[in-house]
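Okay, here's what each chain looks like letter by letter:
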Amino acid sequence: MIVLLGVLVVILGFVTRRNPVLVVGVAGIATGLLGTMNPQEILAAFGKSFADSRSVTVFAVVLPVIGLLERYGLREQAATLIGRLGRLSAGRFLTVYLLVRQVTAAFGLNNLGGPAQTVRPLVAPMAEAAAERRLGAKLPDRLREKVRSYSASADTVGVFFGEDCFIAIGSILLITGFVNSTYHQELEPTQLALWAIPLAVCAFVIHGARLLMLDRKLEREMALAAAEHDLPKPKETAK
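Student: Mind showing me how you'd approach the overall build of the chain here?
Tutor: Per the secondary structure count, the chain includes 11 helices and 0 strands. The N-to-C order of helical and strand elements in the chain reads α-α-α-α-α-α-α-α-α-α-α. Looking at the 239 residues of the chain, the share that counts as buried comes to 32%. Counting only contacts in the chain whose residues sit at least 6 apart along the sequence, the fraction spanning at least 24 positions is 68%.

Structural data, given as structure tokens:
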């Protein structure tokens, strides 16, 4: 049980807000040493783990491309495009994106979106532009970060609850493999995928409602900010 002290290292590191990579690395080394592994074996374990999960770092390949696109005005063009759609607010736009993300994930197309390749260069700027057009004023930094967080949540919730509707996703295969081998059941991936559909619908309804309420929240907070700092008040929106 002494090797579980590595978990304590992780907890202490996150509580004290240390660098996550450093915390996990130190916890791994501590766990290996407590488990009577020599430094060479620990290094080999790190290398094997990195090689086995190297697909997780594939997103880094597209980062230079995204950087070039942003340098040449991708974010500005996205904001201009959304500004031409008069009745599309930030909440409505993010609700549509949530639906699209969830449906595409349900068909196994997880890589069509993501925080790095879609949310930062496209979704967030478009949501910010829609909010500014609706409010008639530039968003303060605090509200801009709120819109960005809601943009990221639309992507995360959509793919998290949508991917389980696809029978060939890793989580479904992991659950069926574990249950069948451990409890000697005959659970089929199709069964889990079908039961995931009502959960995905509930997730869309609940989070979609939160996204639609974002517009009212922005209006209230913008009005408060205008009152506190003597900023221009947001224009009245049509009911």
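Student: Explain the packing of aromatic side chains here, please?
Tutor: For any two aromatic rings, the description comes down to two numbers: the centre-to-centre distance and the angle of the planes. Taken as a whole and judged by the stated rule, the model has 1 aromatic pair. Measuring from ring centre to ring centre gives 5.1 Å for phenylalanine 160 and phenylalanine 161, while their planes differ by 75 degrees; the resulting arrangement is edge-to-face.

Student: I would appreciate a short explanation of unusual backbone geometry in the present structure.
Tutor: Excluding glycine, most residues fall at negative phi; most peptide bonds, likewise, are trans. In this model, arginine 17 sits at a positive phi of 60 degrees, which is unusual for a non-glycine residue. Here arginine 17 lies in the loop between α1 (5-15) and α2 (20-34). The phi torsion at threonine 36 lies on the positive side, around 65 degrees, for a residue other than glycine. Mapped onto the elements, threonine 36 comes out in the loop between α2 and α3 (39-52).

Student: Would you take a moment to explain the packing of helix α8 (residues 141-162) against helix α10 (residues 189-212) for this structure?
Tutor: When two helices pack together, their arrangement is given by the angle between the helix axes and the distance between those axes. Here α8 crosses α10 at 170 degrees, and the two axes come no closer than 10 Å. Here α10 runs roughly antiparallel to α8, going by the angle between their axes. Contacts between α8 and α10 pair Tyr150, Ser153, Ala154, Val157 and Phe161 from the former with Leu199, Ala200, Ala203, His207, Arg210 and Leu211 from the latter. Counted by class, the contact of α8 with α10 contains 8 nonpolar, 2 polar and 1 charged residues.

Student: Explain the side chain of aspartate 215 here, please?
Tutor: For aspartate 215, the location among the structural elements is in helix α11 (residues 214-229). Within the buried core, aspartate 215 has no salt-bridge partner, and the shortest N-O distance to an opposite charge, that of arginine 134, equals 4.6 Å. Engagement of the side chain of aspartate 215 in a polar contact is seen with the backbone nitrogen of glycine 91, the distance being 3.0 Å. In this structure aspartate 215 touches Ser89, Ala90, Gly91, Arg92 and Arg134, once residues within four positions along its chain are discounted.

Student: Whenever I open this one, the pattern of salt bridges confuses me. Can you help?
Tutor: A side chain of one charge can pair with a side chain of the opposite charge if their charged atoms are brought near each other. Within this structure, the stated rule accounts for 8 salt bridges. Salt-bridge contacts for arginine 144 lead to glutamate 128; the nearest nitrogen and oxygen are separated by 2.8 Å. Placement of arginine 144 in helix α8 and of glutamate 128 in helix α7 (residues 115-135) is noted, with a sequence separation of 16 residues between them. In terms of burial, arginine 144 and glutamate 128 fall into one category: buried. The closest approach of N and O atoms between glutamate 145 and arginine 148, which form a salt bridge, is 3.1 Å. Of this pair, glutamate 145 and arginine 148 are both found in helix α8, 3 residues apart, which corresponds to roughly one turn of the helix. Through salt bridges that share partners, Glu128, Glu132, Arg144, Glu145 and Arg148 make up one connected network.

Student: Just to check I follow, could you spell out the packing of helix α6 (residues 90-106) against α10 for this structure?
Tutor: The N-to-C vectors of α6 and α10 enclose an angle of 160 degrees; their axes lie 8 Å apart at closest approach. As judged from the angle between their axes, α6 and α10 are roughly antiparallel. Read as a crossing pair, α6 and α10 show a hand that is right-handed. From α6, Gly91, Arg92, Leu94, Thr95, Leu98, Leu99 and Gln102 reach across to α10, where they touch Ala200, Ala203, Phe204, His207, Gly208, Leu211 and Leu212. Here the residues of the contact of α6 with α10 sort into 8 nonpolar, 5 polar and 1 charged.

Student: Which parts of the structure should I look at to understand the environment of proline 20?
Tutor: Structurally, the position occupied by proline 20 is in helix α2. Spatially, the C-alpha atom of proline 20 lies 8.6 Å from that of valine 10, the residues being 10 residues apart in sequence.

Student: How do you make sense of α7 when you look at a structure like this?
Tutor: Residue pairs spaced three or four apart in an α-helix point in one direction, given the helix's 3.6 residues per turn. The end-to-end C-alpha distance of α7 is 26 Å, clearly below the 30 Å that 21 residues give at a rise of 1.5 Å each. When the local axis directions of α7 are compared, the greatest deviation, roughly 35 degrees, occurs at valine 123, which is followed within four positions by the proline proline 125. Counting buried residues in α7 gives 15 out of 21 residues, a clear majority hidden from the surface. In the segment just after α7, glycine 136 is the residue with positive phi, at about 75 degrees.

Quick notes on the rules
- For every chain, the first residue of its written sequence is number 1, and the numbers climb from 1 along that sequence.
- Given that this is a predicted model, residues contribute local features only at a pLDDT of at least 70 and side-chain atom pairs are listed and counted only at 80 or more, while totals for whole chains, interfaces and linings are drawn from all residues.
- Think of the side-chain values as coming from all heavy atoms in the structure, minus any hydrogens and water.
- Under the DSSP-based scheme used, a helix requires at least four consecutive residues in state H or I and a strand at least two consecutive residues in state E, with every element numbered from the N terminus.
- Each residue is placed in one exposure class: buried if its accessible area under a 1.4 Å probe, protein chains only, is under 20% of its type's maximum, exposed if it is over 50%, and partly exposed if it falls in between.
- The contact criterion used throughout is that any non-hydrogen atoms of two residues lie within 4.5 Å.
- A pair of aromatic rings is counted whenever rings of Phe, Tyr or Trp (Trp by its six-membered ring) have centres within 6.5 Å, and the orientation is called stacked for planes under 30 degrees apart, edge-to-face for over 60 and tilted otherwise.
- Fitted lines through C-alpha atoms serve as axes, helices being fitted only where they are in contact, and the angles separating the N-to-C directions of these axes extend from 0 to 180 degrees.
- Comment on the angle field: the value is read as roughly parallel under 35 degrees, roughly antiparallel over 145, roughly perpendicular from 65 to 115, and oblique elsewhere.
- Any residue that is not Ala, Val, Leu, Ile, Met, Phe, Trp, Tyr, Cys, Pro, Asp, Glu, Lys or Arg is counted as polar, Gly included; the first ten are nonpolar and the last four charged.
- Only four residue types enter the tally: Lys and Arg on the positive side, Asp and Glu on the negative side, with His and both chain ends excluded.
- Salt bridges are defined as contacts in which a side-chain nitrogen from Lys or Arg sits within 4 Å of a carboxyl oxygen from Asp or Glu.
- Contacts described as polar in this section are N or O atom pairs within 3.5 Å, which, within protein, must combine one atom able to donate a hydrogen with one able to accept it, while residues neighboring in sequence count only if both atoms come from side chains.
- In this scheme, a crossing is called left-handed if the near helix is turned counterclockwise away from the far one by less than a right angle; it is called right-handed if the turn is clockwise.
- A helix is expected to span 1.5 Å multiplied by its residue count minus one.
- In this scheme, the bend at a residue equals the angle between the axes fitted to the seven residues that finish there and the seven that begin there.

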